[in-house]
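# Working through the structure, step by step
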Amino acid sequence: MSLIIAPSILSADACNLEKDICILEKSSITSIHIDVMDGNFVPNIAFGIDQIKALRKITNMELDVHLMVNDPDRYIERIIEAGASCITVHEEACDHLYKTITFIKSFGIKAGVALNPATNIDNLKYVYKLLNKVLIMTVEPGFGGQKFIPLMKEKINDTRQIKQLGKYDFQIQVDGGIDFDNIMEVVALGATDIVIGSSVFKDRTIENNIKKFYDLLDL
Ligand code: DX5
Ligand code: ZN
């Protein structure tokens, strides 16, 4: 399975998103990660449905929507209409996870489930087969620029083993605190879809930063 780097636009220039999207496209990025936060599931507010719609108008890249909201079912249909390519919900925010996953997939888009750092990967045991993506949060969700939690290495590795044993084909996505120093290790442990926020937009040298990540991964 090929590796994906998905920049999180939470760290992009909020006053000039279009400019940053163009830079990402020119840097061979094919998927952007959009963090939707409701100020409830997480103590922060970010990106709404109209912004996803506006982004869809200016790019053909995959829009990878990470829903950090309570009761995500309320928004799914409108987010799909807005142009999402993949929706990832939090296991902790869903009362009926199977129903939510199958609902997302019924629209023909990809579905993922995110796990907070302390949530057991085995909670997904009976839905692995349905998933396009398992998102392992490597920080507590809500903010960019936090430090990677080293204990999550074991969780990434466990997920890789589960995937191998069960021959599942979900992407193993990691999100939070990924930088030039730890990206190789998370990939070696099994991550296949790497969300990177602050380290992509760091110092506003976006093209160089992406090139450095691609070089590290031999992409
Ligand atoms: C955090 C978000 C992340 C965030 C990652 O809750 O889900 O997508 O933007 O940012 P960095 O890479 O700076 O940790
Ligand atoms: Zn995210």
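Every value quoted in this text rests on a predicted model; they were computed, and no experiment measured them.

What follows covers the UniProt feature "active site" (unreviewed entry) in the protein chain. Following the UniProt record, the feature "active site" (unreviewed entry) maps to Asp35 and Asp175 here. These annotated residues cover 141 residues of sequence, and their C-alpha atoms lie no more than 10.6 Å from one another, placing them together at a single site. For Asp35, a relative accessible area of 4% corresponds to the buried category. Sequence-distant contacts of Asp35, that is, excluding residues within four places in its chain, are made with Ser8, Leu10, Ala46, Phe47, His66, Met68 and Asp175. A distance of 3.0 Å separates polar atoms of two side chains, one belonging to Asp35 and the other to His33. Turning to its location among the elements, Asp175 is positioned in strand 8 (residues 171–175). Taking the relative accessible area as the measure of exposure, Asp175 reaches 9% and is therefore buried. Setting aside chain neighbours within four positions, we find Asp175 in contact with His33, Asp35, His66, Leu135, Ile136, Met137, Thr138, Val139 and Val195. One polar contact links Asp175 to His66, side chain to side chain, over a distance of 3.2 Å.

This part covers the site of ligand 1. Around ligand 1 sit 19 residues, and of these Ser8, Gly142, Gly145, Asp175 and Ser198 come closest. Coverage of ligand 1 by the protein amounts to 100% of the 380 Å² it exposes when considered alone. Listing elements by their share of the shell around ligand 1, those giving two or more residues are strand 2 (31–38), strand 4 (62–68) and strand 9 (193–196). Of the residues contributing to the shell around ligand 1, the split by class is 7 nonpolar, 10 polar and 2 charged.

This brings us to the sheet that holds strand 2. In space, the 9 strands of this open sheet follow the order 1-9-8-7-6-5-4-2-3, with mixed pairing throughout. Of all the strands in the sheet, just strand 1 (4–7) and strand 3 (45–46) have a single pairing partner and so form its edges.

Excluding glycine, most residues fall at negative phi; most peptide bonds, likewise, are trans. A positive phi angle is found at Phe47, which is not glycine, with a value near 40°. Along the polypeptide, Phe47 turns up in the loop between strand 3 and helix 2 (49–58). Phi at Lys167 is positive, roughly 55°, even though this residue is not glycine. Positionally, Lys167 belongs in the loop between helix 5 (152–166) and strand 8.

For the zinc ion (ligand 2), every protein donor is listed as His33 (NE2), Asp35 (OD), His66 (ND1) and Asp175 (OD), and the spread of their distances is 2.1 to 2.3 Å. Considering all 6 donor atoms around the zinc ion (ligand 2), the spread of angles at the metal, 70 to 169°, places the coordination shape in the octahedral class. Between consecutive donors of the zinc ion (ligand 2), the numbers of intervening residues give the motif H-x1-D-x30-H-x108-D.

This part covers the nonpolar core. Core analysis: the biggest nonpolar cluster contains 69 residues, and Ile9, Leu24, Leu67, Ile87, Val89 and Leu124 have the highest contact counts within it. Filtering out sequence-adjacent residues up to four positions away, Leu124 remains in contact with Glu91, Leu97, Val113, Leu115, Leu131 and Val134.

Here helix 5 contains 15 residues, and its C-alpha end-to-end distance of 21 Å stays within 8% of the 21 Å for a straight helix at 1.5 Å per residue. Met152, Lys155, Ile156, Thr159, Ile162 and Lys163 are the residues of helix 5 that are buried. Down the axis of helix 5, the buried side of the element spans an arc of 125°, and every buried residue falls inside it. In this structure, helix 5 carries Glu154, Gln164 and Leu165 as exposed residues pointing more than 90 degrees from its buried face. Directly beyond the C-terminal end of helix 5, a positive phi value near 55° is found at Lys167.

Bringing the pairing of strand 2 into the picture now. Counting buried residues along strand 2, 7 of its 8 residues qualify, which places the element largely inside the surrounding structure. Note that strand 2 and strand 4 share 7 bridges and pair parallel. Its bridge partner being in strand 4, Asp35 is matched across the sheet by His66. Judged from the 2 bridges that link them, strand 2 and strand 3 form a sheet pairing that is antiparallel. Bridge pairing in strand 3 places Met37 opposite Ala46. The turn joining strand 2 and strand 3, which pair antiparallel and follow one another in sequence, is formed by 6 residues; a positive phi near 70° is taken by Gly39.

Thresholds, definitions, all that
- Residues numbered from 1 in each chain as written.
- Chains lettered and ligands numbered in written order.
- Predicted model: local features only at pLDDT ≥ 70, side-chain atom pairs only at ≥ 80, totals over all residues.
- Heavy atoms only, no water.
- UniProt positions renumbered as here; feature names shortened; annotations may be inferred.
- Buried < 20%, exposed > 50% of the residue type's maximum accessible area, 1.4 Å probe, protein only.
- Contact = heavy atoms within 4.5 Å.
- Polar contact = N/O pair within 3.5 Å; in protein donor to acceptor, adjacent residues only side chain to side chain.
- Helix = DSSP H or I, 4+ residues; strand = E, 2+ residues; numbered from the N terminus.
- Near = heavy atom within 4 Å.
- Areas by Shrake-Rupley, 256 points an atom, 1.4 Å probe, with all protein chains shown as cover.
- Nonpolar A, V, L, I, M, F, W, Y, C, P; charged D, E, K, R; others polar.
- Pairing = 2+ DSSP bridges.
- Donors = N, O, S within 2.8 Å, 3.2 Å for Na, K, Ca; no water.
- Tetrahedral: all angles 85-135°; square planar, octahedral: opposite > 155°, others 65-115°.
- Core = buried A, V, L, I, M, F, W, Y, C linked by side-chain atoms within 4.5 Å.
- Expected span 1.5 Å × (residues − 1).
- Arc of directions from axis to C-beta.

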